[in-house]
Amino acid sequence: MYINPNTVVMAASVISALAVIFSAVFAVYRWYLRQNQQDKEIENIKAEQCLLTYGILACLKGLQEKGCNGPVTEAVGRIEKHINKQAHDQED
């Protein structure tokens, strides 16, 4: 079997094309994995924010029971309104 320069060039171009296709598929797969990881992180952040919101609401209600009015009452109302909207998936 005789290998001429055209055969070498053809083999190199096929190998290069396969490498490019594999790289593109691998890049898309890595992007997909990164998106899933970000979705999990976002869910964790939302859960943490929910706990913090309920903690702040409890503190404000405690202050309200001690007789603090004005901004405390307004903040409690706004937080409860926000929680209610989030529970029903409504926008502002």
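In this report, we go over the structure that sits alongside the text. Starting from 1, residues in each chain are numbered consecutively following that chain's sequence as written. Two thresholds apply to this predicted model, a pLDDT of at least 70 for residue-level local features and 80 or more for giving and counting side-chain atom pairs, whereas whole-chain, interface and lining totals are computed over all residues. Based on all heavy atoms of the structure, the side-chain values leave hydrogens and waters out of the count.

### A short note on the nonpolar core
For the record, the criterion: Only buried residues count toward a nonpolar core, which is a set of Ala, Val, Leu, Ile, Met, Phe, Trp, Tyr and Cys residues joined through side-chain atoms within 4.5 Å. Buried residues are those whose accessible area, probed at 1.4 Å on protein chains only, stays under 20% of the maximum for their type, while exposed residues exceed 50% and partly exposed ones sit between those limits. Helical segments are the DSSP runs of H or I of at least four residues, strand segments are the runs of E of at least two, and each set is numbered from the N terminus. We call two residues in contact when some of their heavy atoms are within 4.5 Å.
Leu57, Leu60, Val72, Val76 and Ile79 form the largest nonpolar core, which has five residues in total. Breaking this core down by element, the ones donating at least two residues are helix H1 (5-65) and helix H2 (71-87). If sequence neighbours within four positions are ignored, isoleucine 79 has contacts with Thr53, Ile56, Leu57 and Leu60.

### Quick look at H2
Note that an α-helix has 3.6 residues per turn; residues three or four places apart therefore point the same way. We count it as follows: Expected span of a helix, by definition, is 1.5 Å for each gap between consecutive residues, and there is one gap fewer than residues.
Taking 1.5 Å per residue, 17 residues should reach 24 Å; H2 reaches 24 Å between its end C-alpha atoms and fits that length. Listed as buried for H2 are Val72, Val76, Ile79 and Lys85. On its buried face, H2 sits against H1. One or two steps after H2, the chain reaches aspartate 89, where phi turns positive at roughly 50°.

### Description of a nonpolar patch on the surface
For clarity, the threshold we go by: Grouping into patches uses exposed residues only, defined as over 30% relative accessible area, and leaves out salt-bridged ones; the cut-off is 9 Å for like charges and 5 Å for nonpolar side chains (Val, Leu, Ile, Met, Phe, Trp, Tyr). Note that accessible areas follow from Shrake-Rupley with a 1.4 Å probe, and for residues the cover is restricted to the protein chains shown. When a carboxyl oxygen of Asp or Glu is within 4 Å of a side-chain nitrogen of Lys or Arg, the pair counts as a salt bridge.
On the surface, Phe22, Phe26, Tyr29, Trp31, Tyr32 and Leu33 cluster together into a nonpolar patch covering about 710 Å² of accessible area. By the secondary structure assignment, tryptophan 31 is in helix H1.

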